Amino acid sequence: MNENSEVKSSRHQRPWLQGMVQAVPIVLGYIPVGFAYGVLAQKAGISAFNTLLMSIIVYAGSAQLIAVGLVSSGLAPLSIIITTFIVNLRHMLMSAALSPHLQSWRKPALAVFAYELTDESFALHATRMDGHERPKSETFAVNVTAQASWVLGTALGIFGGQMIAEIEPFALDYALPAMFIALLVMQITNKVQVIVAVLAGLFSLGLYLLGMQQWYVIIATILAATLGVVLKKWTKQPSS
Amino acid sequence: MDQTTILLTILGMAAVTYLPRVIPLLALTGRRLPEVVIDWLGYVPPAVLAAMLLPSLVVSDGQSAINAENLFFWAALPTFAAAILTRNLFVPVLVGMAVVIVGRLLMV
């Protein structure tokens, strides 16, 4: 860090450090889940190199865990890739939803940012960028910290799987659900949003129980957001 | 499956994961969007969060599981309360984790 940014950071409390602090709840959740992925990938016969590589270049928790299951049941590579595509398609909605907040960004920075867009980083960014321009370094610090913890968790799972006991007693498996709850509440500023969230939750639950386990999030989100627009027109509520 | 095939599979997974993450950002950013589209995109964050969250709290093994043993569901209630009261990220996370820890100690 050069002197210029040192001066700025003393006034602004170091944006990259703030980004790292903001990522703490994600880190708490990613280390144990990354750990579980590392252990399971080893058991499925995936080499340490490939296991780490997946966390570095795919970086998508649920898709990675699903892929490990598919590898161990001997599915063809193409089916694994297609499944990954379907499971990760929901990120299109998240990427689109962040675009109004990143109007001033150039394409190369957007391309790097998109690489580390996960459910959790999306949830955090959607909340922290809502109505505020955030320093780019803070935004990237959130992403890099989150992915570093995912890769670290993976490495711990590969190399320490047998040595470290259960994580359940520490409730680290509740860090991510609790963070989602907090971010959901922080997203909501008006009545239409409450209705949209409740509808999305109920649609999603219904679709999931009906067995649409690949598509439930995407369909529920599209339906609920569309109803939100209709509802806003109806109630002529001032813009949110 | 040999490690080379797995490596190639991972490269394919990386491509199909990255494209949906990057295309909308590149296509939509820097463009004037109609107000109705901006509104729609504004409803996506609460909708997608709720859509991911609710099944994770009330479903286990493909069955709805609002019962005494479902600690994730019960811990969600004080977590929501903490989130509404504080509008902060860390307090609800700590409350939720604390409730799960205590719940697990009591259930043993």
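Position numbers for residues start from 1 in each chain and track the written sequence from start to end. For naming, the first written chain is A and the first written ligand is 1, with later ones following in the order written. Totals for whole chains, interfaces and linings use all residues, but because this is a predicted model, local features are given only for residues with pLDDT of at least 70 and pairs of side-chain atoms are given and counted only at 80 or more. Only hydrogens and water are set aside when side-chain values are computed; all heavy atoms of the structure are taken into account.

What's the story with the interface of chain A and chain B in this structure? I'm lost.
Interfaces are frequently sized by the accessible area removed from exposure as the parts join. Contact with chain A, which involves 98 residues of that partner, is made by 68 residues of chain B. Throughout, buried area stands for the accessible area (probe radius 1.4 Å) lost by two parts on being put together, summed over both. Interface area for chain A against chain B, summed over the two sides, is near 7,100 Å², with a carbon-plus-sulfur share of 77%. Of all residues in chain A, Tyr-174, Ile-181 and Val-185 of chain A give up the largest surface area on contact with chain B, accounting jointly for 9% of the area buried on that side. A side-chain nitrogen of Lys or Arg and a carboxyl oxygen of Asp or Glu constitute a salt bridge if their distance falls within 4 Å. Taken together, the connections running from chain A to chain B amount to 2 salt bridges. Two N or O atoms count as a polar contact when they lie within 3.5 Å, although within protein this holds only if one can serve as hydrogen donor and the other as acceptor, and sequence-adjacent residues are included solely when both atoms are side-chain atoms. Summed over the shared surface of chain A and chain B, the result is 21 residue pairs in polar contact (both at pLDDT 80 or more). In this classification, the charged set is Asp, Glu, Lys and Arg, the nonpolar set is Ala, Val, Leu, Ile, Met, Phe, Trp, Tyr, Cys and Pro, and all remaining amino acids, among them Gly, are polar. Taken together, the residues that form the side of chain A that touches chain B break down as 73 nonpolar, 18 polar and 7 charged. We call two residues contacting when some pair of their heavy atoms lies within 4.5 Å.

Quick question: what am I supposed to make of helix α3 (residues 24-43) of chain A here?
Residue pairs spaced three or four apart in an α-helix point in one direction, given the helix's 3.6 residues per turn. All names here are of chain A. Taking 1.5 Å of rise per residue, 20 residues should cover 28 Å, and α3 covers 29 Å from first to last C-alpha, within 8% of that figure. At Tyr-30, α3 shows its strongest bend, of approximately 25°, with the proline Pro-32 following within four residues. Segments assigned H or I by DSSP are reported as helices when at least four residues long, segments assigned E as strands when at least two residues long, and all are numbered from the N terminus. Two residues or fewer past α3, Gly-45 is found with a positive phi of approximately 85°. Expected span of a helix: the number of residues minus one, times 1.5 Å. The angle between axes fitted to the seven residues ending at a residue and the seven residues starting there is what we call the bend at that residue.

Would you mind going over the environment of Ala-225 of chain A with me for this structure?
By secondary structure assignment, the location of Ala-225 of chain A is in helix α13 (residues 216-235). Categorising residues by exposure relies on relative accessible area from a 1.4 Å probe, with only protein chains included: less than 20% of the type maximum marks a residue as buried, more than 50% marks it as exposed, and the intermediate range marks it as partly exposed. With relative accessibility at 0%, the residue Ala-225 of chain A sits in the buried group. When the C-alpha atoms of Ala-225 of chain A and Val-192 of chain A are compared, they prove to be 10.0 Å apart, with 33 residues separating the residues in sequence. Beyond its immediate sequence surroundings of up to four residues, Ala-225 of chain A is in contact with Val-196 of chain A together with Trp-40, Tyr-43 and Val-44 of chain B.

Could you clarify how one ought to interpret the packing of helix α7 (residues 90-98) of chain A against helix α1 (residues 3-28) of chain B in this entry?
How two helices pack is summed up by the angle between their axes together with the distance between the axes. Axis definition: a line fitted to C-alpha atoms, limited for helices to the stretch in contact. Angles are taken between N-to-C directions and run from 0 to 180 degrees. Running from N to C, α7 of chain A and α1 of chain B point in directions that differ by 30°, and their axes come no closer than 7 Å. By the angle class used here, α7 of chain A and α1 of chain B are roughly parallel. As for how α7 of chain A packs across α1 of chain B, the hand of that crossing is right-handed. Facing His-91, Met-92, Ser-95, Ala-96 and Leu-98 of chain A of α7 of chain A, the residues of α1 of chain B in contact are Pro-20, Arg-21, Val-22, Pro-24, Leu-25 and Leu-28 of chain B. A class-by-class count of the residues in the contact of α7 of chain A with α1 of chain B yields 8 nonpolar, 2 polar and 1 charged. The scheme is simple: roughly parallel for angles under 35 degrees, roughly antiparallel for over 145, roughly perpendicular for 65 to 115, oblique for anything else. We call a crossing left-handed when the near helix sits turned anticlockwise from the far one by less than a right angle, and right-handed when that turn is clockwise.

Explain the nonpolar core here, please?
Counting residues in hydrophobic clusters, the biggest one holds 96 residues, and the most contacted among them are Leu-98, Leu-102, Phe-122, Tyr-174 and Met-179 of chain A. The biggest single contributor to this core is helix α2 (residues 35-58) of chain B, with 11 residues. Leave out the neighbours within four places in its chain, and Leu-98 of chain A touches Phe-113, Leu-117, Phe-122, His-125, Ala-126 and Met-129 of chain A together with Leu-25 of chain B. To define a nonpolar core, start from buried Ala, Val, Leu, Ile, Met, Phe, Trp, Tyr and Cys residues and group those joined through side-chain atoms within 4.5 Å.

Got a minute to help me understand the confidence of the model for chain A in this structure?
A low pLDDT means the predicted coordinates there should not be read in detail. Each residue carries a pLDDT score, the predictor's own confidence in it, on a scale running from 0 to 100. Put simply, chain A has an average pLDDT of 89, and 90% of its residues get 70 or more. For chain A, the element scoring lowest by mean pLDDT is helix α1 (residues 3-12) of chain A, at 47; helix α4 (residues 48-57) of chain A scores highest, at 98.

Would you mind going over empty space enclosed by the protein with me for this structure?
Taking a probe equal in size to a water molecule and rolling it over the atoms shows the remaining empty space. All names here are of chain A. Site definitions follow a grid-based scheme: protein atoms alone, a 1 Å grid, a 1.4 Å probe that fits but cannot get out for cavities, and for pockets an open set with protein on both sides within 12 Å along at least five of seven lines, plus lining residues having an atom within 4 Å of a point. Grid points are joined across faces, edges and corners, and a volume is the space filled by probe spheres set on the points. Applying the stated criterion across every chain, the model contains 1 cavity of 30 Å³ or more. Empty space within the largest cavity amounts to approximately 50 Å³. As for the largest cavity, its lining consists of His-101, Leu-102, Trp-105, Met-129, His-132, Glu-133, Arg-134 and Thr-139.

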